[in-house]
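Secondary and tertiary structure notes
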Amino acid sequence: MKDMMLLVEPLIPALRRYARSLMRADAAGADDLVQDCLERAITRWHQRRADGDARTWLFTILHNLAVNRMRQRARRGWDVPIEDAAEAATARPPTQEAGLRHRELLRALDQLPEEQRSVLLLVSVEDLSYAEAAKVLDVPIGTVMSRLSRGRERLLRIMEAENRPATLRRVK
């Protein structure tokens, strides 16, 4: 049990970051996702391969749980708890440039296909190697590299398009 805690505990912040990026604005849902991931890891610790990496195993569990939640949410639709509704209605967007840039980046990430977004987040944000990301997503390394490349290019194009001023044409 102690060796499990030594392996899992340092990974919790990274799991939370990845969960929040997958669940987007739903911070409570992301925390629930991490809790479910940790619960599943603890109850199934005996099923983990002894020679396997605990980090990729945990990220795989988290990713699979998130995909299942997104599919479930797509079937059921979004719900907003009553205590969150009032806060969301009164919240104001940040006025700082960094806040605006962050919001643009999140919007651009939302426009990426799920496959590209997941690879981009795992490699760029969570600093997983291509091999580790491939294990988490259960795809070949070449697929990770191509999705990452296409995702970065697409993200750059989206960000550049949002920063271009609208040009008006004069029509006679």
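Predicted model, so just to flag it, every value in this text is computed and none were measured.

**Regarding the packing of aromatic side chains**
Per the counting criterion, the structure on display carries 2 aromatic pairs. Ring geometry for W45 and W57: centres 5.7 Å apart, planes at 75°, overall edge-to-face. One end of the pair, W45, is in the loop between α3 (27–43) and α4 (54–76); the other, W57, is in helix α4, and 12 residues separate them in sequence. Looking at W45, the relative accessible area reads 16%, which means it is buried.

**A look at the nonpolar core**
Judged by nonpolar contacts, the single largest core of 42 residues is most densely connected at L15, F59, L62 and L122. Broken down by secondary-structure element, the contributors of at least two residues to this core are α1 (2–8), α2 (12–23), α3, α4, α6 (97–111), α7 (114–125), α8 (130–137) and α9 (141–163). With 7 residues, the single largest contributor to this core is α4. Non-local contacts of L122, meaning those with residues more than four positions away in its chain, are made with Y18, F59, D127, L128, A133, V136 and L137.

**Notes on the pattern of salt bridges**
In the structure shown here, the tally under the stated rule is 7 salt bridges. Measuring nitrogen to oxygen at the nearest pair gives 2.9 Å for the salt bridge that ties R16 to D31. Of this pair, R16 sits in helix α2 while D31 sits in helix α3, placing them 15 residues apart in sequence. By relative accessible area, which is 34% here, R16 ends up partly exposed. Residues R20 and D31 are paired through a salt bridge, measuring 3.6 Å at the closest nitrogen-oxygen approach. With R20 in helix α2 and D31 in helix α3, the pair connects residues that are 11 residues apart, well separated along the chain. By sharing partners, the salt bridges in this structure join R16, R20 and D31 into a single network.

**Remarks on a nonpolar patch on the surface**
Taken together, the side chains of Y130, I141 and M145 define a hydrophobic patch exposed on the protein surface, amounting to about 250 Å² of accessible area. Mapping Y130 onto the fold places it in helix α8. Classification of Y130 as partly exposed rests on a relative accessible area of 33%.

Thresholds applied
Residues numbered from 1 in each chain as written. Predicted model: local features only at pLDDT ≥ 70, side-chain atom pairs only at ≥ 80, totals over all residues. Heavy atoms only, no water. Phe/Tyr/Trp six-rings, centres within 6.5 Å; stacked < 30°, edge-to-face > 60°. Helix = DSSP H or I, 4+ residues; strand = E, 2+ residues; numbered from the N terminus. Buried < 20%, exposed > 50% of the residue type's maximum accessible area, 1.4 Å probe, protein only. Core = buried A, V, L, I, M, F, W, Y, C linked by side-chain atoms within 4.5 Å. Contact = heavy atoms within 4.5 Å. Salt bridge = Lys/Arg side-chain N within 4 Å of Asp/Glu carboxyl O. Patch = residues over 30% accessible without salt bridge, like charges linked within 9 Å, V, L, I, M, F, W, Y side chains within 5 Å. Areas by Shrake-Rupley, 256 points an atom, 1.4 Å probe, with all protein chains shown as cover.

As far as function goes, none of this settles anything; it's purely spatial.
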